[in-house]
Structures are given as structure tokens and as C-alpha cells.
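One-letter residues, chain by chain:
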Amino acid sequence: MEYVSRVPRPPLDGLIDDLYYLEGAPPYARLTLPPMPAALLVVNLGAPFRIRAGTDIEAAEYADGCVVTTPTRAFEFGYPPATRSVGAHVKPWGLAPFLPMPAVELCDRPVTLEQVWGRAAVAELRDRLASAAGPHEMLTLLEQELVRRLGETAGLGLVRRTSGVIVAIGGAAAIGDLTMAAGVSSTHLAQRFKALVGVTPKRLARTYRFAATVFAIDPAGPVDWGDLAGRAGYFDQAHFGHEFRAFTGLTPTRYVEVRRRFLREHPGHAMDGWPLPAD
């Protein structure tokens, strides 16, 4: 599988972690993506893919692409035998300047790119991307489109600064401390976060802490769960296990087993790191 990525230039670098190009055969037909403190924008250039946003929801097909705001639960992606797309891994607040609606309206509800930007505009963008000379030109075209669509967003500075505090302390944030640092009421802060991120600062902090803890796990070696939970600021190992199941649907030990399966069956794969085999 070919994977090309790069960090966008200013001002997009304050909103987007990286732009990427992905083409080839996915490692599994279905992949589970645990929640991350991040959003996603995909322009699909291949066969449609499917997303199921929770076990209680029917999978939906996405032909043109999709927009996913910061999730609160795991998503399942169903891939065709060969996939091809260009997209952006977006900071939690980074989609807000490109959305015509508050982010909270899309929370755990992925939408097609057409629903956000309109059919004609997306069709024209996909045509230009498909005609590009290669991945690097595609990333430049997507970057130009995003810069063109960049708009002013009320409260963006407040949300970015508060999110920076959450990141700095690994998600172990007391909401009272956040509102004091932000200099606004908890109600106002929650409203701005829901409008721009899709979730409250408390929920985003939980997701940051969970993600940081998971990335600290080395699936290739033994794991001291008690020590890991303590260093991450969880009350105890039981609290950690409850959060783990809430975010992934798996126990911590089962998660490591599934991660080891990915490493064993597809060592060094471009998609290894966060997605899990769903089959």
C-alpha cells in the first residue's frame, strides 16, 4: 500500500496535522478505529467505502468521501479490495472553519463530503485530483482547496488555547482549572467546544488521556496495566479498564492481542498504529 503524507503550510498547519494520499489493498476488509482526539476529511477517488458509526447503527456507503468530527466511540471502516483517497488528519478544532454547520451536529454522525461542500464543488475537486500527475500534486491541490475555503471562526483561539492546556497535561484536566485558565464560564467554554469540536472540553480531555495511554503501550512486549493506568492518572486499574471498553469495545488485554495480530500479519504496514482488524 502506498502512503504519502506531509504537514501543510501555514495557516493550515494550525488546523491540520497532515495531508495524506493512500492507495492500495487494505490489510483487512474491515477496520475498527478507536476514538482519537482528531477529525478526518477524506476525498475518495476509488470504489465506495462503508462506515458504521457504532454497533447499533447500520453501515452507510460513501462514494465521494466523508467528514468525521472528533468521535466519542469507535467507528468501523469497510474497504473495497483496492482503495484510493486523498485526505487530511485534522486537529479536533480544525474542521470548524470548513463546515457550514456546528460540529456538534456531526458528532458520531459521519457525512459525505457532498453534504458539506455540495455536489458540484466536490465533483470538480475529485476530477482535478484524479487528473493530477501524482500524490504530491494531489496534496498540493487539496491544500489549495482548503486554503480557498478557510473562513473566520468565532471562538477558535479560545478553543485552541484550552485544547493546548489539555494536551500539555495529557488529558488529566479538571474542568474548573480549564475554565479558570480560559477566563470564561464553563457554560460558554462548553458551547464553543461543541460548536467547533463537536464535544465538550471534558469529553475531549478523556479522549486525549485515552489516546496518550494507548500510544504508550508496546504491544510487542509485556504490559504492566496497573503502572500504565497510574501514570495516566486513572483512579485505578478498574477505572482504566472501564474507559478502555467504553472507547474500544475491548478489554485492554484483548486490545493487545488484536494489535499483535496486526503486527504479526502485516509488519510495517502503512495503516498500522491505530486501526484494528474488525474481523
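Residues numbered from 1 in each chain as written. Predicted model: local features only at pLDDT ≥ 70, side-chain atom pairs only at ≥ 80, totals over all residues. Heavy atoms only, no water.

Before going further, it helps to examine the overall build of the protein chain. Counting secondary structure elements, the protein chain contains ten helices and eleven strands. A globule of 279 residues ought to have a C-alpha radius of gyration of about 19 Å, and the protein chain, at 19 Å, matches this closely. Projected onto the principal axes, the alpha-carbon positions of the protein chain cover approximately 55 × 50 × 35 Å. A burial count over the protein chain gives 52% of its 279 residues as buried. Taking contacts inside the protein chain between residues at least 6 apart in sequence as the whole, the part at least 24 apart equals 72%. About 12500 Å² of surface is accessible on the protein chain, with carbon and sulfur atoms providing 53% of the total. If the 29 positive side-chain charges of the protein chain are averaged to one point and the 29 negative ones to another, these points end up 4 Å apart. (Helix = DSSP H or I, 4+ residues; strand = E, 2+ residues; numbered from the N terminus. Rg over C-alpha atoms; globule rule 2.2 N^0.38 Å. Buried < 20%, exposed > 50% of the residue type's maximum accessible area, 1.4 Å probe, protein only. Contact = heavy atoms within 4.5 Å. Areas by Shrake-Rupley, 256 points an atom, 1.4 Å probe, with all protein chains shown as cover. Lys, Arg positive; Asp, Glu negative; His and termini not counted. Charge placed at Lys NZ, Arg CZ, Asp CG, Glu CD.)

A few words now on the pattern of salt bridges. Side chains that differ in charge, positive against negative, can pair when their charged atoms come close. Evaluation of the coordinates by the stated rule reveals 18 salt bridges. A salt bridge links E124 to R128; its shortest N-O distance comes to 2.8 Å. Of this pair, E124 and R128 both sit in helix α2 (residues 119–130), four residues apart, roughly one helical turn. Residues R148 and E145 are paired through a salt bridge, measuring 2.8 Å at the closest nitrogen-oxygen approach. Of this pair, R148 and E145 both sit in helix α3 (residues 135–149), three residues apart, roughly one helical turn. The exposed category is assigned to R148, whose relative accessible area is 59%. Connected through salt bridges with shared partners, the residues E124, R128, E145, R148 and R149 form a single ionic network. (Salt bridge = Lys/Arg side-chain N within 4 Å of Asp/Glu carboxyl O.)

The omega angle of the peptide bond from P10 to P11 is 5 degrees, so this bond is cis rather than trans. The residue P11 is located in the loop between β1 (2–6) and β2 (16–24) in this model. Residues other than glycine seldom take positive phi values, yet D108 does so here, at roughly 60 degrees. For D108, the position within the fold is in the loop between β9 (83–90) and β10 (111–112). Look at D108 and you get buried, because its relative accessible area is 10%.

Strand order in this open sheet of six strands is β1-β2-β9-β4-β7-β10, and the pairing throughout is antiparallel. Whereas interior strands pair on both sides, the edge strands pair on one side only; in this sheet they are β1 and β10. As paired strands, β2 and β9 are joined by eight bridges and run antiparallel to one another. Each residue of the ladder has a partner; that of Y20, found in β9, is G87. Contacts from α3 reach β1, β2, β4 (39–44) and β9 within the one sheet, and its direction differs from that of β2 by about 140 degrees. (Pairing = 2+ DSSP bridges. Axes fitted to C-alpha atoms, helices over the stretch in contact; angles between N-to-C directions.)

A few words now on the nonpolar core. I16, L41, V43, V67, L99, W117 and L146 are the most contacted members of the largest nonpolar core, which has 52 residues in total. Among the elements that line this core, the one with the most residues is α3, at five residues. With residues near it in sequence (within four places) discarded, V43 still touches D64, G65, S85, V86, L113, L125, R126, L129 and L142. (Core = buried A, V, L, I, M, F, W, Y, C linked by side-chain atoms within 4.5 Å.)

It is the contact of helix α4 (residues 156–168) with helix α7 (residues 201–215), at a shortest axis distance of 10 Å, that shows an interaxial angle of 35 degrees. Crossing geometry of α4 relative to α7 is assigned as right-handed. Judged by residue contacts, S163, I166 and V167 of α4 engage P201, L204, A205 and Y208 from α7. When its residues are assigned to classes, the contact of α4 with α7 shows six nonpolar, one polar and no charged. (Left-handed = near helix turned anticlockwise from the far one by under 90°. Nonpolar A, V, L, I, M, F, W, Y, C, P; charged D, E, K, R; others polar.)

Another point: the confidence of the model for the protein chain. This prediction gives the protein chain a mean pLDDT of 92; 99% of its residues lie at or above 70. Per-element mean pLDDT across the protein chain ranges from 76 in helix α5 (residues 175–182) up to 98 in β4. (pLDDT = per-residue confidence, 0-100.)

This part is about the pairing of β9. Of all eight residues making up β9, six are buried, and the element is well covered by its neighbours. Where β4 and β9 come together, six bridges link them in antiparallel fashion. Its bridge partner lying in β9, L41 is registered against A88.

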